[in-house]
Amino acid sequence: EPEVTQTPSHQVTQMGQEVILRCVPISNHLYFYWYRQILGQKVEFLVSFYNNEISEKSEIFDDQFSVERPDGSNFTLKIRSTKLEDSAMYFCASRDSPGTGEETQYFGPGTRLLVL
Amino acid sequence: QKEVEQNSGPLSVPEGAIASLNCTYSDRVSQSFFWYRQYSGKSPELIMSIYSNGDKEDGRFTAQLNKASQYVSLLIRDSQPSDSATYLCAVNLWGGYQKVTFGTGTKLQVIP
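The structure reproduced in this document is the subject of the present report. (Residues numbered from 1 in each chain as written. Chains lettered and ligands numbered in written order. Predicted model: local features only at pLDDT ≥ 70, side-chain atom pairs only at ≥ 80, totals over all residues. Heavy atoms only, no water.)

1. Some details on the layout of surface pockets
Then comes step 1: By volume, the largest pocket amounts to about 550 Å³.
Then comes step 2: Around the largest pocket, the lining is made up of 28 residues, and of these A:Q37, A:G40, B:Q38, B:S40 and B:G41 lie nearest the centre.
Then comes step 3: For the lining of the largest pocket, the elements supplying multiple residues, two or more each, are β9 (88-95) and β11 (111-115) of chain A together with β9 (85-92) and β11 (106-111) of chain B.
Then comes step 4: Looking at the lining of the largest pocket residue by residue, the classes come out as 10 nonpolar, 14 polar and 4 charged.
Then comes step 5: Looking at the second largest pocket, its volume works out to about 420 Å³.
Then comes step 6: Contributions of two or more residues to the lining of the second largest pocket are made by β10 (106-107) of chain A together with β5 (45-50) of chain B.
Then comes step 7: A class-by-class count of the residues in the lining of the second largest pocket yields 10 nonpolar, 4 polar and 4 charged. (1 Å grid on protein atoms, 1.4 Å probe; cavity = no way out; pocket = protein on both sides within 12 Å on 5 of 7 lines; lining within 4 Å. Points joined across faces, edges and corners; volume = space filled by probe spheres on them. Helix = DSSP H or I, 4+ residues; strand = E, 2+ residues; numbered from the N terminus. Nonpolar A, V, L, I, M, F, W, Y, C, P; charged D, E, K, R; others polar.)

2. Describing the pairing of strand β5 (residues 44-50) of chain A
Residues and elements named next belong to chain A.
Then comes step 1: Taking burial as the measure, the 7 residues of β5 include 5 buried ones, the bulk of the element.
Then comes step 2: Hairpin connection of strand β4 (residues 31-37) to β5: 6 residues between the antiparallel strands, including G40 at a positive phi of 85°.
Then comes step 3: Following β5, the chain reverses through 2 residues before pairing antiparallel with strand β6 (residues 53-57); N51 in that reversal takes a positive phi of roughly 55°. (Buried < 20%, exposed > 50% of the residue type's maximum accessible area, 1.4 Å probe, protein only. Pairing = 2+ DSSP bridges.)

3. Re the state of the cysteines
Then comes step 1: Tallying each qualifying case throughout the model produces 2 disulfides over all chains.
Then comes step 2: One disulfide in the model links A:C23 with A:C92; its S-S distance is 1.9 Å. Across the disulfide from A:C23 to A:C92, rotation about the S-S bond amounts to roughly -65°, and the bridge is consequently left-handed. Residue A:C23 is located in strand β3 (residues 19-24), and its partner A:C92 is located in strand β9; the two are separated by 69 residues in the primary sequence. For the pair A:C23 and A:C92, one class covers both residues: buried.
Then comes step 3: The partner cysteine of B:C23 in its disulfide is B:C89, sulfur to sulfur 2.1 Å. Of note, the bridge from B:C23 to B:C89 carries an S-S torsion of about -70° and is left-handed in sense. With B:C23 in strand β3 (residues 19-25) and B:C89 in strand β9, this residue pair connects regions lying 66 residues apart in the sequence. (Disulfide = S-S within 2.5 Å.)

Here it is as structure tokens:
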């Protein structure tokens, strides 16, 4: 069964450093998302991406964040200068195109980011 | 006002019983509704999706949607200890490719 994959599974970084979180969405999916979940809190939307551009972003997704689809398979989230409060589990998700009757977003296993 | 609201629990049920999980949402234009299961430290795993009013059954799981009341529920029959997890209600507020908004989740404990 196709699945979303994410690397690394864990990332520890120093405050102020840049991190890049990587995702490989399901191959025929066209819509991509990043969510995060701070420990003990709910899953929060960060950004959605379609046709090589951001389609929606939340207030969390400020200038320190960026997303990119550098090739036909990878989807990345970059945090330019990490803060302590960026420590969270980051989930990538993807979904099929509309009209297929399948609207579910499928989640990857997550990257646990710890900023020290 | 919270967009998706769930009782955080924990909801404790004995093994073999029916677990009933509830969720309300605030935006009437919501179109797609999902129940995800999340084990501690893991990613959300889809249990059920429902788009139309009424019931939808899949094995031991039944999702119920009432758009007039802005209410969606999940019933788990014959609950098993392995069902112990946090159940996340999620709503696609605008349809299409837009974001999914999650509730805080209800922690379910199935007691052997």
